[in-house]
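What the coordinates show
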Amino acid sequence: MSAQSAELGPAPQELVERALAAAQSGECIAIADEGSNANLRWAGNSLTTNGVSRSRQLTIIAISRSGAEARVGVVSRAGVRSGQVPDLVAEAEHAATEATPSEDAQPLITPSDVLTGAASKWDDSPGATQIGVFAGFAENLGHAFAAAASAGRKLYGFAEHQLTSTYVGTSTGLRLRHDQPTGRLELNAKSADMTRSAWTGTGTRDFTDVDVAALEADLGQRLGWAERSLELPAGRYETLLPPTAVADLMLYMYWSAGAKDALDGRTVFSKPGGGTRIGEQLASLPVSLRSDPSAPGLECAPFVIAHASSRDSSVFDNGLPMAATDWIANGVLTALTQTRHTAQLSGHPVTPGIDNLLLTAPGATGSVADLVGRTSRGLLLTCLWYIREVDPQTLLLTGLTRDGVYLVENGEVTGAVNNFRFNESPVGMLSRITEVGGTVPTLPREWADYFTRAAMPPARVEGFNMSSVSQAS
Amino acid sequence: MDPEFTAYPLRQLADAGLQRARQLGAGYADFRAERIRGQRIRLSDGSLETQFDSDDLGLAVRVVVDGTWGFASAVDMTSEAAARAAADAVDVARVAAAISTERIELATEPAHGEVTWLSAYDVDPFDVPVAEKIALLSGWSRQLLDADGVNHVDASLYQVKECKFYTDGSTTALQQRVRVHPSVTAVAVSADGRFETMRTLAPPAGRGYEYLAGTGWNFAAELGEIPSLLAEKMAAPSVEARRYDLVIDPSNLFLTIHESIGHATELDRALGYEAAYAGTSFATFDKLGTLQYGSPIMHVIGDRTTEHGLATIGYDDEGVAGQSWDLIAGGVLAGYQLDRRIAALKGLGRSNGCAFADSPSHMPIQRMANVSLQPAADGPSTAELIASVTDGIYVVGDKSWSIDMQRYNFQFTGQRFYRIRNGRLDGQVKDVAYQATTTDFWNSMEAVGGPQTYVLGGAFNCGKGQPGQVAPVSHGCPSVVMRGIRILNTVEEAGA
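Residues numbered from 1 in each chain as written. Chains lettered and ligands numbered in written order. Predicted model: local features only at pLDDT ≥ 70, side-chain atom pairs only at ≥ 80, totals over all residues. Heavy atoms only, no water.

1. Examining the overall build of chain A
- Of regular secondary structure, chain A possesses 10 helices and 21 strands.
- Relative to a compact globule of 473 residues, whose C-alpha radius of gyration would be 23 Å, chain A shows 24 Å and is just as compact.
- In terms of overall dimensions, chain A has a C-alpha envelope of 70 × 55 × 35 Å along the principal axes.
- Across the 473 residues in chain A, those meeting the buried criterion constitute 61%.
- Taking as baseline every contact in chain A between residues at least 6 positions apart, the subset at least 24 positions apart corresponds to 74%.
- When the accessible surface of chain A is totalled, it reaches about 16,000 Å², and 51% of it is carbon and sulfur.
- Across chain A, 36 positive and 50 negative side-chain charges occur, with their mean positions spaced 3 Å apart. (Helix = DSSP H or I, 4+ residues; strand = E, 2+ residues; numbered from the N terminus. Rg over C-alpha atoms; globule rule 2.2 N^0.38 Å. Buried < 20%, exposed > 50% of the residue type's maximum accessible area, 1.4 Å probe, protein only. Contact = heavy atoms within 4.5 Å. Areas by Shrake-Rupley, 256 points an atom, 1.4 Å probe, with all protein chains shown as cover. Lys, Arg positive; Asp, Glu negative; His and termini not counted. Charge placed at Lys NZ, Arg CZ, Asp CG, Glu CD.)

2. A few points about the interface of chain A and chain B
- Taken together, the contact between chain A and chain B spans 81 residues of the former and 84 residues of the latter.
- Taken over both partners, the interface formed by chain A and chain B buries close to 6,600 Å², and the fraction arising from carbon and sulfur atoms is 47%.
- The interface formed by chain A and chain B contains six salt bridges.
- At the junction of chain A with chain B, the criterion picks out 42 residue pairs in polar contact (both at pLDDT 80 or more). (Buried area = accessible area lost by both parts, 1.4 Å probe. Salt bridge = Lys/Arg side-chain N within 4 Å of Asp/Glu carboxyl O. Polar contact = N/O pair within 3.5 Å; in protein donor to acceptor, adjacent residues only side chain to side chain.)

3. With respect to the packing of aromatic side chains
- According to the stated counting rule, one finds 28 aromatic pairs over all chains in the structure shown.
- Ring geometry for Phe410 of chain B versus Tyr434 of chain B: centroids 6.4 Å apart, planes at 90 degrees, classification edge-to-face. Taken together, the positions of Phe410 of chain B in strand E16 (residues 409-421) and Tyr434 of chain B in strand E18 (residues 432-437) put the pair 24 residues apart, joining distant regions of the chain.
- Through pairs of rings, three or more aromatic residues link up here, namely Trp42, Phe134, Phe137, Phe145 and Phe207 of chain A. (Phe/Tyr/Trp six-rings, centres within 6.5 Å; stacked < 30°, edge-to-face > 60°.)

4. Things to note about the sheet that holds strand E20 (residues 454-456) of chain A
Residue and element names in this part refer to chain A.
- Pairing is mixed in the open sheet, where six strands are placed in the order E12-E11-E10-E13-E20-E19. Where the open sheet ends on each side, the last strands, each with one partner, are strand E12 (332-333) and strand E19 (440-442).
- Strand direction decides the pairing type here: strand E10 (residues 288-291) and strand E13 (residues 357-360), joined by three bridges, are antiparallel. What sits directly across from Ser288, in E13, is Thr360. (Pairing = 2+ DSSP bridges.)

5. A short note on the pairing of strand E14 (residues 370-373) of chain B
Residues and elements named next belong to chain B.
- Here E14 shows no split at all, with Asn370 and Ser372 on one side and Val371 and Leu373 on the other all buried.
- Sheet topology places strand E9 (residues 300-303) next to E14; four bridges connect them, and they run antiparallel. Within E14, the residue paired with Ile301 across the bridge is Ser372.

6. Overview of the packing of helix H4 (residues 130-145) of chain B against helix H5 (residues 219-235) of chain B
Residues and elements named next belong to chain B.
- The N-to-C vectors of H4 and H5 enclose an angle of 30 degrees; their axes lie 9 Å apart at closest approach. In terms of orientation, H4 lies roughly parallel with respect to H5. Seen along the crossing, H4 lies across H5 with a hand that is right-handed. Within the contact between the two elements, H4 uses Trp140, Gln143 and Leu144 and H5 uses Phe219, Leu223, Gly224, Ile226 and Pro227.
- Of the residues that constitute the contact of H4 with H5, the class distribution is six nonpolar, two polar and no charged. (Axes fitted to C-alpha atoms, helices over the stretch in contact; angles between N-to-C directions. Parallel < 35°, antiparallel > 145°, perpendicular 65-115°, else oblique. Left-handed = near helix turned anticlockwise from the far one by under 90°. Nonpolar A, V, L, I, M, F, W, Y, C, P; charged D, E, K, R; others polar.)

7. Topic: the packing of helix H1 (residues 12-22) of chain A against helix H2 (residues 85-98) of chain A
Residue and element names in this part refer to chain A.
- Relative to each other, H1 and H2 sit at 55 degrees, their axes nearing to 9 Å. One finds that H1 runs oblique with respect to H2. Judged by the twist between their axes, the crossing of H1 over H2 is right-handed. Each of Leu15, Arg18, Ala19 and Ala22 in H1 lies in contact with H2, whose residues at this interface are Val85, Pro86 and Val89.

8. Focus on the sheet that holds strand E11 (residues 332-333) of chain B
Residues and elements named next belong to chain B.
- The four strands are arranged E11-E10-E9-E14 in an open sheet whose pairing can be described as antiparallel. For this open sheet the edge positions go to E11 and E14, each flanked by a neighbour on one side alone.
- Alignment of strand E10 (residues 324-329) against E11, held across two bridges, turns out to be antiparallel. Along E11, the bridge assignment pairs Ile328 with Leu333.
- The strands that helix H6 (residues 250-262) touches are E9, E10 and E14; relative to E14, the one it contacts most, it runs at about 115 degrees.

9. Re the pattern of salt bridges
- Per the counting criterion, the structure on display carries 67 salt bridges over all chains.
- Lys260 of chain A is the salt-bridge partner of Glu103 of chain A, the closest N and O atoms lying 3.9 Å from each other. Taken as a pair, Glu103 of chain A in the loop between H2 and helix H3 (116-120) and Lys260 of chain A in helix H7 (residues 259-263) lie far apart in primary sequence, 157 residues in all.
- Owing to a relative accessible area of 40%, Glu103 of chain A belongs among the partly exposed residues under this scheme.
- The exposure class of Lys260 of chain A is buried, given its relative accessible area of 8%.
- Across the pair Lys164 of chain B and Asp317 of chain B runs a salt bridge, and its minimum N-O distance is 2.6 Å. Placement of the pair is Lys164 of chain B in strand E5 (residues 152-167) and Asp317 of chain B in the loop between E9 and E10, with a sequence separation of 153 residues.
- Given the relative accessible area of 4%, Asp317 of chain B is considered buried.

10. Comments concerning the confidence of the model for chain A
- Per-chain confidence: chain A averages 93 in pLDDT, with 97% of residues scoring 70 or above.
- The low-confidence segment residues 1-7 of chain A (pLDDT under 50) makes 44 contacts with residues lying over four places distant or belonging to another chain. (pLDDT = per-residue confidence, 0-100.)

11. Looking at the environment of Gln452 of chain B
All names here are of chain B.
- Structurally, the position occupied by Gln452 is in the loop between strand E19 (445-448) and strand E20 (455-464).
- Counting along the chain gives 385 residues from Gln452 to Gly67, while the straight-line C-alpha distance between them is 50 Å.
- Excluding its chain neighbours within four sequence positions, the residues that come into contact with Gln452 are Gly379, Pro380 and Ser381.
- Within the structure, the side chain of Gln452 is placed 3.3 Å from the backbone oxygen of Gly379, a separation counted as a polar contact.

12. What to know about the environment of Glu27 of chain A
Residue and element names in this part refer to chain A.
- Of note, Glu27 is situated in strand E2 (residues 27-43).
- Counting along the chain gives 143 residues from Glu27 to Thr170, while the straight-line C-alpha distance between them is 7.7 Å.
- Excluding residues within four positions of it along the chain, Glu27 makes contact with Ile61, Ala62, Ile63, Arg65, Leu108 and Ser171.
- At a separation of 2.9 Å, a polar atom in the side chain of Glu27 contacts the side chain of Arg65.

Okay, here's the thing in structure tokens:
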């Protein structure tokens, strides 16, 4: 059970302005993050922990230029008071003097480059979530506990809601603010003897759209399917991936789609002999994989927020507007994640990474149940777990099936089978997807700690590689 | 001890928080203040890519009110904030009591009074100029880039200084520990688009900056070997998938221990408290004292005392003194990792001190101790172990890892794999992964090396819990011989 005391700290806008005013040399970027978090956790039809917390973080990016060279120092501190800001700026400026020139140096973004909508909310107070966000949900969860108990089931799970208000200011006059609500529900049902398990989850912006009763009923159906169990050996199976499993695999591929590493010749998206595989047909179906900051229900920051430079992001791009981007269009690789620096190296457009991901196919409709109905024999998964990269050359991933693998025969689920360890590449798999359903919002089970905004279809994959049997149940 | 941290009125803050908690009816209360500094430096091909300094500061009050947990934290280091956190923690406990069915009891712990503890290090890495670190990493990078066959080099340093003040009225502990993780990876890319990597084996360590200068690890020697090791890997044949005997180096085995023993012997997990997320454990409580986890030569201990261990601490986040205990003895499950609540729940007596919170804003949960496989006294060298294998593979360095939610089925890769033929190394093979079920694997262990083969490995980034927390942990082990382990060819697995 946890909470974080409400405190009246300095306004984030004030921290940003003080930091920019305190900058003594060169250019400066200040990022103030005001965060709040509320969560519930439960096990065995009973709440186990809950809490609310708040955070306040100020990041100073000091840039010292000399000719074409720019040196960067970054210092980030939690709980900063107004009087501490000059010292923090001085620390960052000192770090910049100690740094070597940054390879990704670019001019800072200016107000004329940005979206007016993002700037217009600058003066508003930061938002905050609180335990009350769960008011209706918690009541419904209580009903679900009762329903599960009466049906001989146990519910486990976690619900979390976060709200982060981010203020980005630069010495070039940029003032941008973004509010990001992020919510998720994970619901796991187990039989009383713990031998059968089913899982479902959903992302949400405010929990008003979460239908706990429907989710619990779905889990009940899946546990019912598992009353008949069969043992199947390892092998390659026609497999129906639900949207959450598709999301987990597509996300890892997306995170591996950095242009810099591809240009260096060290990813699955590198072209032998140099360059990238942009323009190459990857999928057999005309699917599109895209990100869009304004995707309904999956809205995310429409400009770059980079607290530090890395292989796939650049502090110099802070404030850079982001637009809807097709990573794969009609089955063809069309873009990799780019900073302005890597875009210059690659000769491709600037396409920064965006915090949502959608896979669609033109005209595709139908649910998991519809795909089941069109299956003569195959496996239906619930979700994937412990996904790790095995070989970057092919982007081979390994992981486990979890919380329900079902045998489908003649259009019906006929029982549950054992879990498997899989070894599959999402890139290689694209060419073996023979059918997809309609795209729906989904929660990537494996990566939900980091990424919740996804919309994916269910997919039928030929020859999904179940490498070995797992005894886990 | 960090003077900026000790300059805060820590006892005064604690008094304000604990007094308020007791006034409001808490039957138990503890107070924690923390400052955690971090620094990440990363170079790409010798050029600075990332430099990021972080500094987290705050306080927390944890209470038990009428048998229910309450926890609250604050970012302001004032008596008012501490008292308010205490009040909030009591409020949370009272709200939660209505829907919590398990009464919280804590195992008793001797009072340790006023204690101070510092981890063993010589040079505070935060006292070393950033420029010096960049120069060192850049020099290492350029040394490798100058070698034939190396196309790219990633070099990084992650360092942490963690200062904690804890009191529950019986024990008041002021503690500081430092850890560093330097890493260098060389990349080779062929004209036809194939690429391979070779990373340093130097483990993260509970040491100071002296580690990078050669105390505890010979970086110069390791970096000198990397170009030739990488070139051999590029030219190596692809492995034939089948069963082999394995000699596993500590640089690889530590991670297998982490996943298949460390997590499996967390009692909160075995009891189902992580069931919906990280999972449970096949090593359930009813098997304590009977489960044949591995072969009779298997002796695994948990500890929070090993010098330079990443999970080493004087007193845990519940005031429990660091200890060492058996987890597996004679190959049989002999114990678990505990915090005070779980120890009391199962009537196991005193906690063995595994409570840890990764930040002042998180409530402590049971986290992993250093979990280490013991060497055989007067045991063989790695070369002697290799000599005992007719048809096998020698596995060196960690890379990919994955295990199921009950810790049965795992798969690991490594930095490099050598074919063993008739007791001798016969060059590298590549595209190798090994896959097994935990108890099958450990019961196939035929020999463990002597103390001369023992290395303390580890990781900074062990994750657990919801909301997620990250903890550092070390695992020591000798080289070992495993018989008849399934080896996969990862290219074949990909269908390529």
